[in-house]
Amino acid sequence: MIELGVNIDHVATVRQARRGHEPCPVQAAFEAIAGGADSITVHLREDRRHVQDADVRRLRAEIPVALNLEMAATDEMVGIACEVRPAIAMLVPEGRHEVTTEGGLDVRAQAARVREVVQRLAAAGIPTSIFVDADPAQIDAAAKAGAKVCEVHTGPYAHAVLAAGGRTEDAAVQAELAKVRAAGAAIVAAGLQFNAGHGLATANVRPIAALPKVAELHIGHSIVSRAVFVGIRQAVAEMKLAMVEAAAG
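Described in the following lines is the structure provided in the data block. Bear in mind that the values here come from a model prediction, so they are computed numbers and not experimental data.

### A few points about the overall build of the protein
Looking only at helices and strands, the protein has 11 helices and 8 strands in total. Over its C-alpha atoms the protein spans a radius of gyration of 17 Å, differing by no more than 12% from the 18 Å that the globule rule assigns to 249 residues. Each principal axis of the C-alpha distribution contributes one length, and for the protein these read about 45 × 45 × 35 Å. Across the 249 residues in the protein, those meeting the buried criterion constitute 50%. By sequence separation, contacts in the protein at least 24 residues apart represent 67% of the contacts at least 6 residues apart. One finds the centroid of the 25 positive side-chain charges in the protein at a distance of 2 Å from the centroid of its 29 negative side-chain charges.

### As for the packing of helix 2 (residues 25–35) against helix 11 (residues 232–248)
At their nearest, the axes of helix 2 and helix 11 sit 7 Å apart, and the two run at 40 degrees to each other. As far as their axial angle goes, helix 11 and helix 2 are oblique. Crossing of helix 2 over helix 11 shows right-handed handedness. Here helix 2 contributes A28, E31, A32, A34 and G35 to the contact with helix 11, which in turn contributes I232, R233, V236 and A237. Class assignment for the residues of the contact of helix 2 with helix 11 results in 6 nonpolar, 1 polar and 2 charged.

### A word on the environment of A164
If you trace the backbone, A164 turns up in the loop between helix 7 (155–163) and helix 8 (171–189). Apart from residues lying up to four places away in sequence, A164 is in contact with D170 and V173.

### Overview of the nonpolar core
Formed by 77 residues in total, the largest nonpolar core has its most connected members in I40, L91 and L217. The greatest single-element share of this core, amounting to 7 residues, is contributed by helix 11. The residues contacting L91, other than those within four sequence positions of it, are M71, A73, L105, V114, V117, V118, L121, T128, S129, I130 and F131.

### A short note on helix 2
In an α-helix, one turn spans 3.6 residues, which is why side chains three or four residues apart end up on the same side. For helix 2, the complete set of buried residues consists of P25, V26, A28, A29, A32, I33 and G35. The secondary structure elements touched by the buried residues of helix 2 are strand 1 (3–7), helix 1 (9–16), strand 2 (39–43), helix 3 (53–62) and helix 11. Positive phi appears at G36, one or two residues downstream of helix 2, with a value of about 120 degrees.

### Some words on the sheet that holds strand 2
With parallel pairing, the 8 strands of this closed barrel are ordered in space as 1-2-3-4-5-6-7-8. Geometrically, the sheet is characterised by an average inter-axis angle of 25 degrees between neighbouring strands, direction not taken into account. In this sheet, strand 5 (residues 128–132) lies alongside strand 4 (residues 88–91) in parallel orientation, the contact comprising 3 bridges. Across the sheet, residue L91 finds its bridge partner in strand 5, namely I130. Seen against the sheet, helix 3 touches strand 2 and strand 3 (66–71) and runs at an angle of roughly 155 degrees to strand 3.

### Structural notes on the environment of I219
Among the secondary structure elements, I219 is positioned in strand 8 (residues 214–219). For the pair I219 and R120, spaced 99 residues apart in sequence, the C-alpha separation works out to 27 Å. Not counting chain neighbours up to four residues away, the residues in contact with I219 comprise L4, G5, V6, N7, L200, V205, M239 and M243.

Parameters at a glance
- Residues numbered from 1 in each chain as written.
- Predicted model: local features only at pLDDT ≥ 70, side-chain atom pairs only at ≥ 80, totals over all residues.
- Heavy atoms only, no water.
- Helix = DSSP H or I, 4+ residues; strand = E, 2+ residues; numbered from the N terminus.
- Rg over C-alpha atoms; globule rule 2.2 N^0.38 Å.
- Buried < 20%, exposed > 50% of the residue type's maximum accessible area, 1.4 Å probe, protein only.
- Contact = heavy atoms within 4.5 Å.
- Lys, Arg positive; Asp, Glu negative; His and termini not counted.
- Charge placed at Lys NZ, Arg CZ, Asp CG, Glu CD.
- Axes fitted to C-alpha atoms, helices over the stretch in contact; angles between N-to-C directions.
- Parallel < 35°, antiparallel > 145°, perpendicular 65-115°, else oblique.
- Left-handed = near helix turned anticlockwise from the far one by under 90°.
- Nonpolar A, V, L, I, M, F, W, Y, C, P; charged D, E, K, R; others polar.
- Core = buried A, V, L, I, M, F, W, Y, C linked by side-chain atoms within 4.5 Å.
- Pairing = 2+ DSSP bridges.

Next comes the structure, spelled out in structure tokens:
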């Protein structure tokens, strides 16, 4: 069955607006799990704009599901990952001026560095996922670097749906969906796990969840946004239902 990893970064974003203690990301994680989340994702950014080191440590110690730690391929982050030992570490690109992650990691351009980081994480017992664009060359580079999982960046697909007024049958949307489908097939052919995420919401998730062999979707912003009105537990339950129904055909 397709699984849902809930990214709770933006619960921490709200907390950091006042530099206080609420809303608590750990409490949000438990609410997400109650709603059907199979894992919890956080991105510990170098500038600590939302999730903090203490959040990562508490989540690793307290939640009863897998913790997926998104991170840049820096020595600092590798050191933190090796100390905390999440269930999986996902390497992502990171820019100080970006609002959110804007694309996949260019594995080809830094193949030696990525391979080194993957090996260091593996030595600590931590498998690596790499966030990539729907580009066969990047998937091949990720496989050669030793990654166990590739997560396909679905942002272009989500933007196409938005530009089409929500019509997933639109030709431009179908073209972006085809790129994700082809990337997923390449990932599976390389012996890796096929995950996907970025920009997904209940309005556009079904075609992605219905793709062959997709194992997990990682979704955050739309769930936290919906939670403002219905609560995290309900928002996660709605997303999980849409995913499972689509995957079941």
